[in-house]
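Below are the chains, spelled out letter by letter.
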Amino acid sequence: MKLAWLRSLESAHQDCVWACTWVPATDRSAGLLLTGSLDETVKLWNPEDLSVVRTNTGHCLGVVSVAAHPSGRIAASASMDSFIRVFDVESNNTIATLEAPPSEVWQMQFDPRGTTLAVAGGSSASVKLWDTAEWKLVSTLSIPRPEGAKPSDKGSSKKFVLSVAWSPSGRQLACGSMDGSISVFDVQRAKFLHHLEGHTMPVRSLAYSPLDPRVLVSGSDDECIHMYDAEGKTLFSSMSGHSSWVLSVDVSPDGAAIASGSSDRTVRLWDPKMRAAIQTMTNHTDQVWGVKFEAVGGGARGSLLASVSDDKSISLYNYS
């Protein structure tokens, strides 16, 4: 397994690029790369040459997260302006505008079936679930206070929710918090199951393995990448090598590798079996906020990995 650099685009946005994801191909369109920036725009890109397909405006503050519906027809962007904008990928028409008070949205992700949008609730210490048929708030999964905590304890800020990830089945949801803990929920029953411990600083990114629904990967400001058995509540692997915060992690479509982006300006490829980084990419000149594999590989050419950075650029790599 290896990464091969394909192309980069400098000044892809006019400000820091904090978010990226892949929009699945449809019968009318090839797969596209979706990015969100502090320049208040969301852009769709053709991965073949990193040409802009569309620039979406509509936010009045920086975009901190983007998500794509599994159908490839709908996407969403979340901004510091307190709104989540749901839009039609092809026409850019607004489908819904969801209110999210300041500091109450950080990351979001559609469930595998596309029926629910999960939004990491920031300072609300919760994950909010929005129904995608009527765009109504259907559930709020609140993170319980730590055992032994007193009602007077000002611990809510410690549970500021930064990251969210659905299990491949869509039955469970994990979220990472400022205090380093990871909370796992049974979504159908809207029930908190357990915490996953091990990180000592904020957990900014989570990703389940597409092949093993039990395996959850996390990246943290403590510079470590952890692998958990999310059902068995056990930490079974910890990998280190970055020299600063791990801002983003993702698992390759074949489940054999992990990619990470960091404040140390690098993108790294990890072999979970070796518990070590096997490749370091150094083409970014500032911290790397997002790394994302294509959900479906492209056959003989392997699959693509995208990375975005505070340096305003996008880079694409071939993973094979």
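- Identification of the protein chain as Anaphase-promoting complex subunit 4 WD40 domain-containing protein from Ambrosia artemisiifolia is taken from an unreviewed UniProt entry.

## Quick word on the pattern of salt bridges
- The tally for this structure, following the rule as stated, stands at eight salt bridges.
- Among the salt bridges present, the one from Asp-212 reaches Arg-214, with a minimum N-O distance of 3.2 Å.
- On the basis of relative accessible area, Arg-214 is assigned to the partly exposed category, the value being 40%.

## Describing the state of the cysteines
- The tally for this structure, following the rule as stated, stands at zero disulfides.
- Sulfur of Cys-60: no disulfide; nearest cysteine sulfur belongs to Cys-16 and is 18 Å away.
- Among the residues examined, Cys-60 registers a relative accessible area of 53% and is labelled exposed.

## Thoughts on the nonpolar core
- Formed by 24 residues in total, the largest nonpolar core has its most connected members in Ile-84, Val-86, Leu-98, Met-108, Leu-117 and Trp-135.
- Within the residue set of this core, elements represented by two or more residues are β6 (63-68), β7 (74-79), β8 (83-88), β9 (94-99), β10 (108-110) and β11 (116-120).
- Sorting elements by how many residues they give to this core places β7 first, with three residues.
- Leave out the neighbours within four places in its chain, and Leu-117 touches Ala-67, Ala-76, Ile-84, Leu-98, Met-108, Gln-109, Phe-110, Lys-128, Leu-129, Trp-130, Thr-132 and Trp-135.
- Of all hydrophobic cores here, the second largest spans 13 residues; its members include Val-127, Val-164, Cys-175 and Val-187.

## Examining the sheet that holds strand β19 (residues 215-220)
- As summarised here, the arrangement of the four strands in space is β18-β19-β20-β21, forming an open sheet in which the pairing is antiparallel. With partners counted over all chains shown, the strands left at the sheet margins are β18 (203-208) and β21 (234-240), one partner each. The mean angle between the axes of side-by-side strands here comes to 20°, regardless of whether they run parallel or antiparallel.

## Focus: the side chain of His-284
- Along the chain, the position of His-284 falls in the loop between β25 (276-281) and β26 (288-293).
- Accessibility expressed as a relative area gives 4% for His-284, which makes it buried.
- One polar contact links His-284 to Asp-311, side chain to side chain, over a distance of 3.1 Å.
- Those residues in contact with His-284 that sit more than four places away from it in its chain are Arg-265, Val-267, Ser-307, Val-308, Ser-309, Asp-311, Ser-313, Ile-314, Ser-315 and Tyr-317.

## Side note on the sheet that holds β11
- Pairing is antiparallel across the open sheet formed by four strands, whose spatial order is β10-β11-β12-β13. Across the chains shown, the open sheet's two edge strands, defined by having one partner strand only, are β10 and β13 (137-142). Ignoring which end each strand starts from, the neighbouring axes of this sheet average 20° apart.
- Pairing analysis gives three bridges linking β10 to β11, with the strands arranged antiparallel. Looking at β11, one finds that Gln-109 is bridged to Ala-118.

## Focus: a nonpolar patch on the surface
- A surface patch of nonpolar side chains, about 280 Å² in accessible area, is lined by Met-1, Met-274 and Ile-278.
- Here Met-1 shows up in the segment before β1 (3-9).

Reading guide: rules and limits
Residues numbered from 1 in each chain as written. Predicted model: local features only at pLDDT ≥ 70, side-chain atom pairs only at ≥ 80, totals over all residues. Heavy atoms only, no water. Salt bridge = Lys/Arg side-chain N within 4 Å of Asp/Glu carboxyl O. Buried < 20%, exposed > 50% of the residue type's maximum accessible area, 1.4 Å probe, protein only. Disulfide = S-S within 2.5 Å. Core = buried A, V, L, I, M, F, W, Y, C linked by side-chain atoms within 4.5 Å. Helix = DSSP H or I, 4+ residues; strand = E, 2+ residues; numbered from the N terminus. Contact = heavy atoms within 4.5 Å. Pairing = 2+ DSSP bridges. Axes fitted to C-alpha atoms, helices over the stretch in contact; angles between N-to-C directions. Polar contact = N/O pair within 3.5 Å; in protein donor to acceptor, adjacent residues only side chain to side chain. Patch = residues over 30% accessible without salt bridge, like charges linked within 9 Å, V, L, I, M, F, W, Y side chains within 5 Å. Areas by Shrake-Rupley, 256 points an atom, 1.4 Å probe, with all protein chains shown as cover.

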